[in-house]
Amino acid sequence: GRYARNETRPPLCLTRARRRDLVWERKGEAVVEEFGAAMISAGPSLKMATTNKAKVVGSLGVTERIRSHPTPLRSRAPRSTLCLRAGAKRAPRDAALGSLTAHATSQREEASPSSLGTDSPLRAGPPRLALPSKGRMAEDTLSLLKSCQLSVRKPNPRQYVAEMPAVPELEVWFQRASDIVRRLQYGDVDLGFLGYDMFHEFAYGNDDLIIVHDALKYGGCHLALGVPTKGDFADVHTIEDLKQMGWTKENPLKVVTGYQNTARNFFAENGMADSVLLLAADGALEAAPYMGCADIILDLVSTGTTMRENNLKEIVGGRVIESEGVMVASKRALKERPGLLEIVKEMLERVEAHLKASDYFLVTTNIRAQSEGEVAKLMLDKGLGGLQGPTVSSVYSSAIRSQNLFAASVVVRRKALHDTIKALRSIGGTGVLVSELTYIFDEEPWRWTELLKKLED
């Protein structure tokens, strides 16, 4: 976008680096960027030039991705936002920008997640799964799916779309954790894996989103208050101590957090709704109290090391929610999307069977006795019943039955492994073998039954 300074009308160039760069050249007074979102107007027609094609669009107006880009329009913005560049006098440019921003703001208020997610037609196309795009949560999610024979194939690491060969009819999209909830709300995707903390924060008040699996056994952490260990907070050890410090509407407790909805509800439940000022931040929250930006923080805690190293402490009653990986879905999509419910059942069965098996070992040993029944009784008397009782069979050598030698197998919890081995040895067990289990399939997962009940509500 370079333009001659002697043009009669100042050019309007808007760029966005999202999936590709778009350059808009002024040919009239209107711009359109088609992303399937709501539109805001900005004058007659313009020519849209892309990398591989150009077309003239009519007086439809500037299309802003209101649903996924809430940042208001502003001048001299980075390439990742919608911005004005070059050639125009400041006053007309600012006037146009103010008009666009005001219109965009009103459109955002009308296009709230709750209204967009339920009233709009169901998206056409195949079922879609959203996965975290980066960080430990992304790694652990892919690892779990791989362990369940649901590997995700991503040919190009720079792309955000992938496939799951075991479920070829399912599209896989990589998104930020917070955007996974938004995509579910707007109907852009049907399923998602993310942390419960993000679901609790961004799905607040949306009855269409439901949890399919609430304990994926990774990403464990909790959301808690972080209070300074020094100064005025040195003697604060409980939430009651914090409330008794005399906070008022005129002198509020300043709390910096990235979880505004969760924080607001927590302090309201503790009778501090009118004496707390919530401040927004995305990272390095632990520095805020000692910088003077806030009094305390509300943030995720895993081991607590970062909080302790920054002279912060947790307090009794200050733990807000527990979080780990969860699988969530749109209730409407589960009911109306063809084939989606069957996909969810298969994924749920595989995940549930694998997670259950991860808690157990299969232990096999040889025991001398007069019969299978005697071996079973010896094991049951020692409390070695396994899932539904021990399995006992005869041991053969060279096609000839070995007299009074039986193989006994039992499934035991990992934490009970060594006690089990001691018990087997005490009844004559020898050659004890311990095997990892990959799956333990039940007749039907109880979470599947619970999901069907939710869909009936």
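Computed from a predicted structure; not experimentally measured. (Residues numbered from 1 in each chain as written. Predicted model: local features only at pLDDT ≥ 70, side-chain atom pairs only at ≥ 80, totals over all residues. Heavy atoms only, no water.)

### Points about the overall build of the chain
In step 1: Tallying secondary structure elements over the chain gives 14 helices and 21 strands in all.
In step 2: Counting only residues that meet the buried cut, the chain has 43% of its 457 residues in that class.
In step 3: Taking as baseline every contact in the chain between residues at least 6 positions apart, the subset at least 24 positions apart corresponds to 69%.
In step 4: Carbon and sulfur atoms form 49% of the exposed surface of the chain, whose accessible area is close to 24400 Å². (Helix = DSSP H or I, 4+ residues; strand = E, 2+ residues; numbered from the N terminus. Buried < 20%, exposed > 50% of the residue type's maximum accessible area, 1.4 Å probe, protein only. Contact = heavy atoms within 4.5 Å. Areas by Shrake-Rupley, 256 points an atom, 1.4 Å probe, with all protein chains shown as cover.)

### Focus on the packing of aromatic side chains
Each pair of aromatic rings is reported with the distance of its centres and the angle of its planes.
In step 1: Summed over the entire model, instances satisfying the criterion amount to 4 aromatic pairs.
In step 2: Considering the side-chain rings of tyrosine 196 and phenylalanine 199, the 6.4 Å spacing of their centres and the 35 degrees angle between planes classify their relative orientation as tilted. Here the residue tyrosine 196 and the residue phenylalanine 199 both occupy positions in helix H5 (residues 196–202), the gap between them amounting to 3 residues, near one helical turn.
In step 3: The partly exposed category is assigned to tyrosine 196, whose relative accessible area is 24%.
In step 4: Judged by relative accessible area, which is 10%, phenylalanine 199 ranks as buried.
In step 5: Taken together, a centroid distance of 5.3 Å and an interplanar angle of 25 degrees make the contact between tyrosine 439 and phenylalanine 441 stacked.
In step 6: Since its relative accessible area comes to 52%, phenylalanine 441 is described here as exposed.
In step 7: When the ring centre of phenylalanine 174 is taken as reference, the NZ or CZ atom of lysine 154 above it lies at 4.2 Å. (Phe/Tyr/Trp six-rings, centres within 6.5 Å; stacked < 30°, edge-to-face > 60°. Lys NZ or Arg CZ within 6 Å of the ring centre and 35° of its normal.)

### Some points on the pattern of salt bridges
In step 1: According to the stated counting rule, one finds 21 salt bridges in the structure shown.
In step 2: Two residues, aspartate 188 and arginine 183, come together in a salt bridge whose shortest N-O distance is 2.8 Å. The pair formed by aspartate 188 and arginine 183 is uniform in burial state, with each residue classed as buried.
In step 3: Each of the salt bridges in this network shares a partner with another, and the network as a whole consists of Arg123, Asp190 and Arg337. (Salt bridge = Lys/Arg side-chain N within 4 Å of Asp/Glu carboxyl O.)

### Here's the deal with the environment of cysteine 148
In step 1: Relative to the helices and strands, cysteine 148 resides in the loop between helix H3 (135–147) and strand E7 (161–163).
In step 2: Along the backbone, cysteine 148 and glutamate 349 are 201 residues apart, and their C-alpha atoms lie at a distance of 9.5 Å.
In step 3: Look past the residues within four positions of cysteine 148 in its chain and what remains in contact with it is Arg350, Val351, His354 and Tyr439.

### As for the side chain of arginine 337
In step 1: By the secondary structure assignment, arginine 337 is in the loop between helix H10 (331–336) and helix H11 (340–357).
In step 2: Residue classification places arginine 337 among the buried residues on the basis of a relative accessible area of 5%.
In step 3: Among the polar contacts listed, one links the side chain of arginine 337 to the backbone oxygen of arginine 123, at a separation of 2.4 Å.
In step 4: Side chain to side chain, arginine 337 and aspartate 190 meet in a polar contact 3.4 Å long. (Polar contact = N/O pair within 3.5 Å; in protein donor to acceptor, adjacent residues only side chain to side chain.)

### Focus on the sheet that holds strand E17 (residues 325–330)
In step 1: Spatial strand order, E7-E8-E6-E9-E17-E10: 6 strands in an open sheet with mixed pairing. Of all the strands in the sheet, the pair left with one neighbour each is E7 and strand E10 (209–213). Averaged over all neighbouring strand pairs, the angle between strand axes comes to 35 degrees, with direction disregarded.
In step 2: Running at roughly 150 degrees to strand E9 (residues 191–195), helix H4 (residues 177–186) makes contact with strand E6 (128–132), strand E8 (171–175), E9, E10 and E17 of the sheet.
In step 3: Against the sheet, H11 contacts E6, E9, E10 and E17, and its axis sits at roughly 40 degrees relative to E10. (Pairing = 2+ DSSP bridges. Axes fitted to C-alpha atoms, helices over the stretch in contact; angles between N-to-C directions.)

### Focus: the nonpolar core
In step 1: Counting residues in each nonpolar core, the largest one holds 34 residues, and the members touching the most others are Leu225, Phe233, Leu242, Leu253, Phe267 and Ile296.
In step 2: Among all residues touching leucine 242, those that are not within four sequence positions of it are Leu225, Phe233, Val236, Trp247, Leu253, Ile296 and Ile315.
In step 3: Listed in part, the 32 residues of the second largest apolar core include Cys148, Leu191, Leu348 and Val351. (Core = buried A, V, L, I, M, F, W, Y, C linked by side-chain atoms within 4.5 Å.)

### A short note on the packing of H11 against helix H14 (residues 446–456)
In step 1: Direction vectors running N to C along H11 and H14 enclose 150 degrees, while the axes themselves pass 9 Å from each other. As summarised for this structure, H11 and H14 are arranged roughly antiparallel, according to the angle between their axes. Crossing of H11 over H14 shows right-handed handedness. Between H11 and H14, the residues in contact are Leu341, Val344, Lys345, Leu348 and Glu352 and Trp446, Arg447, Trp448, Leu451 and Leu455, respectively.
In step 2: Partitioning the contact of H11 with H14 into residue classes produces 7 nonpolar, no polar and 3 charged. (Parallel < 35°, antiparallel > 145°, perpendicular 65-115°, else oblique. Left-handed = near helix turned anticlockwise from the far one by under 90°. Nonpolar A, V, L, I, M, F, W, Y, C, P; charged D, E, K, R; others polar.)

### Digging into the confidence of the model for the chain
In step 1: In this model, the chain carries an average pLDDT of 79, and 73% of its residues clear a pLDDT of 70 or more.
In step 2: Every residue in residues 1–112 scores below 50 in pLDDT, and together they form 191 contacts with partners more than four places removed in sequence or on other chains. (pLDDT = per-residue confidence, 0-100.)

### What to know about the pairing of E6
In step 1: Burial analysis of E6 places 4 of its 5 residues in the buried class, the great majority of the element.
In step 2: Pairing between E6 and E8: 5 bridges, direction parallel. Among the inter-strand pairings, arginine 128 is bridged to a residue of E8, identified as glutamate 171.
In step 3: Relative to E9, E6 runs parallel, the two being bridged by 2 bridges. Residue pairing for E9: alanine 130 is matched across the bridge by glycine 192.

### What about the packing of H3 against H11?
In step 1: The N-to-C vectors of H3 and H11 enclose an angle of 95 degrees; their axes lie 9 Å apart at closest approach. Classified by the angle between their axes, H3 and H11 sit roughly perpendicular to one another. On the side of H3, the interface is formed by Leu144, Leu145 and Ser147, while H11 contributes Met347, Val351, His354 and Leu355.
In step 2: For the contact of H3 with H11, the per-class residue count stands at 5 nonpolar, 2 polar and no charged.

### As for the environment of alanine 357
In step 1: As for its placement among the helices and strands, alanine 357 is situated in helix H11.
In step 2: Using a relative accessible area of 0% as the deciding quantity, one classes alanine 357 as buried.
In step 3: Once you skip the residues sitting within four places of it in the chain, alanine 357 turns out to touch Leu437, Thr438, Tyr439 and Ile440.

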